[in-house]
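Commentary on secondary and tertiary structure
The lines below spell out each chain.
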Amino acid sequence: MVRLVIDTNVFVAGLRSGGGASRAVLRRVLDGRYQPLFGNALWQEYCDLLGRDVWGTATTAREREQVLAALAQRGRWVTIYYGWRPNLPDEADNHLVELALAGGAAGIVTHNLRDLGRGELVFGQLRVLTPAQCLEEWL
C-alpha cells in the first residue's frame, strides 16, 4: 500500500466533480490501494473545509462527512516530532512536507505543485505529484 499525504485541494476537487483524477485518488484510498497520512494540521484543514461554501452540488454535506470518515478509517495518524522550517515559500504548506517525512510517505498529492515543489530542502525519494501523476505512478 502506498502511503500518501493528500492535500485538501485534492479532497475538495474529488468531491466537487463526478470524475477526474482527484476523485480516482480518493477511490483508491477507499479501495485500500493508497493509505492517507493525517496529522493535526492537515486534519484540522479537512474539518474546517466541511463547513465552508466551496462544494457546489455534486455532494451533500452528509456525503462529504461520510467520505472523510471513510478516509480516516483507511488512514494512519502520524505525530510530527521535528519541523523542517523554513522550507517552502508558503509557510502554511510546510506541515505537508513534515507529515510526509514523519510518516514515510512516498509522495504528496496536490494541485499546488508550484509552491510545494519549490522547497529549499530536498528530501530524497519524497515526490510531489498532481492526482493524475499519482495515478500514473502508482496504479
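Residues numbered from 1 in each chain as written. Predicted model: local features only at pLDDT ≥ 70, side-chain atom pairs only at ≥ 80, totals over all residues. Heavy atoms only, no water.

Attention now moves to the sheet that holds strand β4 (residues 107–109). Spatially, the 5 strands line up as an open sheet ordered β3-β2-β1-β4-β5, and their pairing is parallel. With partners counted over all chains shown, the strands left at the sheet margins are β3 (76–77) and β5 (127–129), one partner each. Both strand β1 (residues 2–6) and β4 contribute to a ladder of 3 bridges, which runs parallel. The residue of β4 that forms the bridge with Leu 4 is Gly 107. Strand contacts of helix α5 (residues 94–103): β1, β2 (34–38), β3 and β4, with the helix running at about 165° to β1, the strand carrying the most contacts. (Pairing = 2+ DSSP bridges. Helix = DSSP H or I, 4+ residues; strand = E, 2+ residues; numbered from the N terminus. Contact = heavy atoms within 4.5 Å. Axes fitted to C-alpha atoms, helices over the stretch in contact; angles between N-to-C directions.)

Turning next to the packing of helix α1 (residues 8–16) against helix α3 (residues 40–50). When two helices pack together, you describe them by how their axes are tilted relative to each other and by the distance separating the axes. At a minimum axis distance of 10 Å, the contact between α1 and α3 shows a crossing angle of 35°. Seen along the crossing, α1 lies across α3 with a hand that is right-handed. Contacts from Thr 8, Phe 11 and Val 12 of α1 reach α3 at Leu 42, Glu 45, Tyr 46, Leu 49 and Leu 50. Of the residues that constitute the contact of α1 with α3, the class distribution is 6 nonpolar, 1 polar and 1 charged. (Left-handed = near helix turned anticlockwise from the far one by under 90°. Nonpolar A, V, L, I, M, F, W, Y, C, P; charged D, E, K, R; others polar.)

What follows deals with the pairing of β1. A large share of β1 lies buried, amounting to 4 of its 5 residues. Strand direction decides the pairing type here: β1 and β2, joined by 3 bridges, are parallel. Along β2, the bridge assignment pairs Arg 3 with Gln 35. (Buried < 20%, exposed > 50% of the residue type's maximum accessible area, 1.4 Å probe, protein only.)

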